[in-house]
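Take a look at the letters that make up each chain.
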Amino acid sequence: SIMYKLDWYDGARKLFWSFITLYNPLLFLLAPLTFINVLVTYPKDKTYAARFLICVYALAILLCLIPYKQVFPYYMQVTIPVFLLLYTAFAEWLFAIFKSEQIIILLVKKPIILLFTLSYILFVMGMVIFFNLPEIYLLICMIPTLLAMYLMAKNKFLDYTNLFFNLIIISMLFVGGIYPLTLFAAKLININGNYQKANITTMNHLLADGSNYVAGIELIYDKTQPIAGMRHLMGPAIDYLDTPSQKLREVMLASLYEDPEASIQSVITAFKQSNVKFYVNNYRMAALPYAIKDYLASEYEHWWGSIYLYSPKISPHQTKITIRFDGHYLIESSDLTHLTINGKIHRANEIIYLSKGEMISHADKEYRLKLIPDKNDLSLNPNFAQDESDRILF
């Protein structure tokens, strides 16, 4: 009910439906034609009542799904049982029509069949134009054309029954299988999970000491992100952090890993009190409000892949600093000439060991303390060293 009222995803609906229809053309575009099986029957038709019920059921579900405003592929799972029933009933009817040697019974007048067929053809043409689909998908229009011709003049086409049937099946196989599979294969060439897998494997190694991470979405099944308001950075949640409103607050549900009390300041405060060793860059993190991104830039620095490790930026005016993790640190600075930490002199580009806790710093220039993990336990692929955040989440 809440998602039906939320219009945040309206701008993405056309793109979503274009993409999903491009790769599943027959599944979605053929569905309206299947309702023709309630307009036509045949002698000894024992499944008409079941087909009628299935069509009513499918129509009700699809009419609820199509206007649904949260456009994500996993909501398409709702269509799977619907289409299984709808297309099974249609296939059973189609085979029976072409196998039957008796007269086909039109439950409506022939002009109604023609009007239904024409409306469906216009629907397909409209979808191809509106969603900018490949023109080859217009081949679907052969299916209703051949079917209508056969239904309204079966006696004239008895000698060509197999031809009509085969042409319909071939059209379905080509548009529903062969052509989309070529698009899918071409897409797979540029998409694989190797980069994502390498990052998650490395994350697990880094978290072995009990520390935490943030990615804006749960990437590790047995590790919960600790920052309230950052566990699930869906679009409305990001907007809520930046400009909270009552309408968006209604969607901040615990079941979605959201927190209605989260704010920019509460997120930054939670970070300061946490043991988040790194964050994982991706399009969700990139969309965060500037204040949070500025804080992350001051506390974390790119290390490898899409992982940004703890690397606090120390101002020359900071004398008391707090280090959150035991470990070796690289002193990073381009123009540092004087630095003492707890009274000990250090130089730029020096690697030192620090224990977590408070310490005294005196420096003449700004510098970073970049945490250096023990690489003996890691196997870092140099091909994935650069941040390719678009490959973390697809």
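Conventions used here
Residues numbered from 1 in each chain as written. Predicted model: local features only at pLDDT ≥ 70, side-chain atom pairs only at ≥ 80, totals over all residues. Heavy atoms only, no water. Helix = DSSP H or I, 4+ residues; strand = E, 2+ residues; numbered from the N terminus. Contact = heavy atoms within 4.5 Å. Phe/Tyr/Trp six-rings, centres within 6.5 Å; stacked < 30°, edge-to-face > 60°. Lys NZ or Arg CZ within 6 Å of the ring centre and 35° of its normal. Disulfide = S-S within 2.5 Å. Buried < 20%, exposed > 50% of the residue type's maximum accessible area, 1.4 Å probe, protein only. Axes fitted to C-alpha atoms, helices over the stretch in contact; angles between N-to-C directions. Parallel < 35°, antiparallel > 145°, perpendicular 65-115°, else oblique. Left-handed = near helix turned anticlockwise from the far one by under 90°. Pairing = 2+ DSSP bridges.

A. Focus on the environment of Lys365. Tracing the backbone shows Lys365 in the loop between strand S13 (357–363) and strand S14 (367–372). Those residues in contact with Lys365 that lie beyond four places of it in its chain are Ile314, Pro316, Asp335 and Leu336.

B. Here's a closer look at the packing of aromatic side chains. Summed over all chains, the structure comprises 25 aromatic pairs. Taking 5.0 Å as the distance between ring centres and 55 degrees as the angle between the ring planes, the aromatic pair formed by Phe19 and Tyr23 counts as tilted. Here the residue Phe19 and the residue Tyr23 both occupy positions in helix H2 (residues 13–23), the gap between them amounting to four residues, near one helical turn. Put simply, the rings of Phe271, Tyr279, Tyr295, Tyr300, Tyr308, Tyr310, Phe325 and Tyr329 touch in pairs and so form one group of aromatic residues. The lysine or arginine in question, Lys14, covers the ring of Phe130, its NZ or CZ lying 4.4 Å from the ring centre. Here the basic side chain of Arg231 rests over the ring of Tyr257, its NZ or CZ set 3.9 Å away from the ring centre.

C. Spotlight on the state of the cysteines. One pass over the full model with this rule turns up zero disulfides. This cysteine, Cys55, is not joined by any disulfide, and Cys64 carries the nearest cysteine sulfur, 16 Å off. Accessibility expressed as a relative area gives 4% for Cys55, which makes it buried.

D. Representation of the packing of helix H7 (residues 142–152) against helix H8 (residues 161–189) in the model. Two elements in contact, H7 and H8, have axes whose closest approach is 9 Å; the angle formed by their N-to-C orientations is 160 degrees. If you check the angle between H7 and H8, you find them roughly antiparallel. When you trace H7 past H8, the crossing you get is left-handed. Between H7 and H8, the contacting residues are Met142, Ile143, Leu146, Leu147, Met149 and Tyr150 on the first element and Thr161, Phe164, Leu167, Ile168, Ser171 and Met172 on the second.

E. Inspection of the sheet that holds strand S11 (residues 344–345) at higher detail. The four strands lie next to each other as S8-S13-S10-S11, forming an open sheet whose pairing is antiparallel. Strands at the two margins of the open sheet, each flanked by one partner only, are strand S8 (320–323) and S11.

Nothing here speaks to function; it is all geometry.
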